[in-house]
Amino acid sequence: MDAAVDDDATLMLAYARGELAAFDALYARHRGTLYRFLLRTARDPRLAEELFQETWSRVIAARERYTPQAKFTTWLLQIAHNLLIDQHRRRRPVATGEEAESALASLATPEHEQPDHVLSEFERRRRLQRAIEHLPDEQRTVVLLRLENDLSVEDIAEVTGVGRETAKSRLRYAMNRLREQLAE
């Protein structure tokens, strides 16, 4: 385990002992990652907000049972993924082009880049975003976990509740499909 993981586990265990500042630190550290994952996966800002709140509610509820068996980020994203699956089973979310554009527009661009480079980078990200949106749900989820959260295949398998080889296969098919779409 690296220092950040140890620190996250330490913070969660401190929160379980009643140290509220530990939760504040965890929330500050992981809220962006969690919200981006939910927004990009659910493709509905209202649903992402609802699941974001529910995920943190579950973290709070599980604080006394928490044991650091995996990275905190993996555990947190697994809770969010399970909530997404439950929601998907209740109703299939549909994103509009405007919502995808809005999510893409909210991505920060480094200020030091030249305008022509910024435009080409924006166009590249836009094409990638559109290609990701066209992936089947299972492939889109593994790609987002890999590209945006830098999770290993093992962590992706744990988050999504599938075997390592299934996660690896979904990631391989998704990446091949993205390469094909971006080559066009």
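Residues numbered from 1 in each chain as written. Predicted model: local features only at pLDDT ≥ 70, side-chain atom pairs only at ≥ 80, totals over all residues. Heavy atoms only, no water.

Student: So what exactly am I meant to see when it comes to the overall build of the chain here?
Tutor: On a plain count of helices and strands, the chain comes out with nine helices and zero strands. Along the chain direction, N to C, the helices and strands of the chain fall in the order α-α-α-α-α-α-α-α-α. Relative to its full complement of 184 residues, the chain shows a buried share of 40%. Here the analysis covers contacts within the chain between residues at least 6 apart in sequence; of these, 64% occur between residues at least 24 apart. By element, 50% of the accessible surface of the chain is carried by carbon and sulfur atoms, the whole surface being about 10,700 Å². (Helix = DSSP H or I, 4+ residues; strand = E, 2+ residues; numbered from the N terminus. Buried < 20%, exposed > 50% of the residue type's maximum accessible area, 1.4 Å probe, protein only. Contact = heavy atoms within 4.5 Å. Areas by Shrake-Rupley, 256 points an atom, 1.4 Å probe, with all protein chains shown as cover.)

Student: Looking at this structure, how should I read helix H2 (residues 20-42)?
Tutor: Taking the largest bend as the criterion, H2 deviates by roughly 50 degrees, centred on His30. Turning to H2, its buried residues number three or more, namely Ala22, Phe23, Leu26, His30, Leu34, Phe37, Leu38, Leu39, Arg40, Thr41 and Ala42. A positive backbone phi angle near 60 degrees is found at Arg43, which sits one or two residues after H2. (Bend = angle between axes of the 7 residues up to and from the residue.)

Student: I'm lost on the pattern of salt bridges in this one. Help?
Tutor: Pairing between side chains of opposite charge can happen when their charged atoms approach one another. This structure, assessed with the given rule, holds 12 salt bridges. Arg43 is the salt-bridge partner of Glu133, the closest N and O atoms lying 3.1 Å from each other. Of this pair, Glu133 sits in helix H6 (residues 115-133) while Arg43 is found in the loop between H2 and helix H3 (45-61), placing the two residues 90 residues apart along the sequence. You'll find Glu133 and Arg43 in the same group, each marked buried. Put simply, Asp155 and Lys71 hold a salt bridge, and the shortest N to O gap is 3.3 Å. With Asp155 in helix H8 (residues 153-160) and Lys71 in the loop between H3 and helix H4 (72-90), this pair connects stretches of sequence that are 84 residues apart. (Salt bridge = Lys/Arg side-chain N within 4 Å of Asp/Glu carboxyl O.)

Student: So what exactly am I meant to see when it comes to the nonpolar core here?
Tutor: Side chains that are nonpolar tend, in soluble globular proteins, to be buried together. By size, the foremost hydrophobic cluster in this structure holds 45 residues, and its most contacted members are Met12, Leu34, Leu38, Trp56, Val59, Phe72 and Trp75. Looking at this core, the elements that each hand over two or more residues are helix H1 (3-16), H2, H3, H4, H6, helix H7 (137-147), H8 and helix H9 (164-183). Setting aside residues up to four positions removed in sequence, Phe72 forms contacts with Asp8, Met12, Leu26, His30, Trp56 and Tyr66. (Core = buried A, V, L, I, M, F, W, Y, C linked by side-chain atoms within 4.5 Å.)

Student: I keep staring at the packing of aromatic side chains and nothing clicks. Help me out?
Tutor: Aromatic rings considered in pairs are described by the distance between their centres and by the relative angle of their planes. Enumeration according to the criterion identifies 10 aromatic pairs in this entry. Relative to Phe52, the ring of Tyr35 lies with its centre 5.8 Å away and its plane at 85 degrees, an arrangement referred to as edge-to-face. With Tyr35 in helix H2 and Phe52 in helix H3, this residue pair connects regions lying 17 residues apart in the sequence. Among the residues examined, Tyr35 registers a relative accessible area of 26% and is labelled partly exposed. Each residue in the set Tyr15, Phe23, Tyr27, Tyr35, Phe52 and Trp56 is aromatic and connected to the rest through ring pairs, giving one cluster. (Phe/Tyr/Trp six-rings, centres within 6.5 Å; stacked < 30°, edge-to-face > 60°.)

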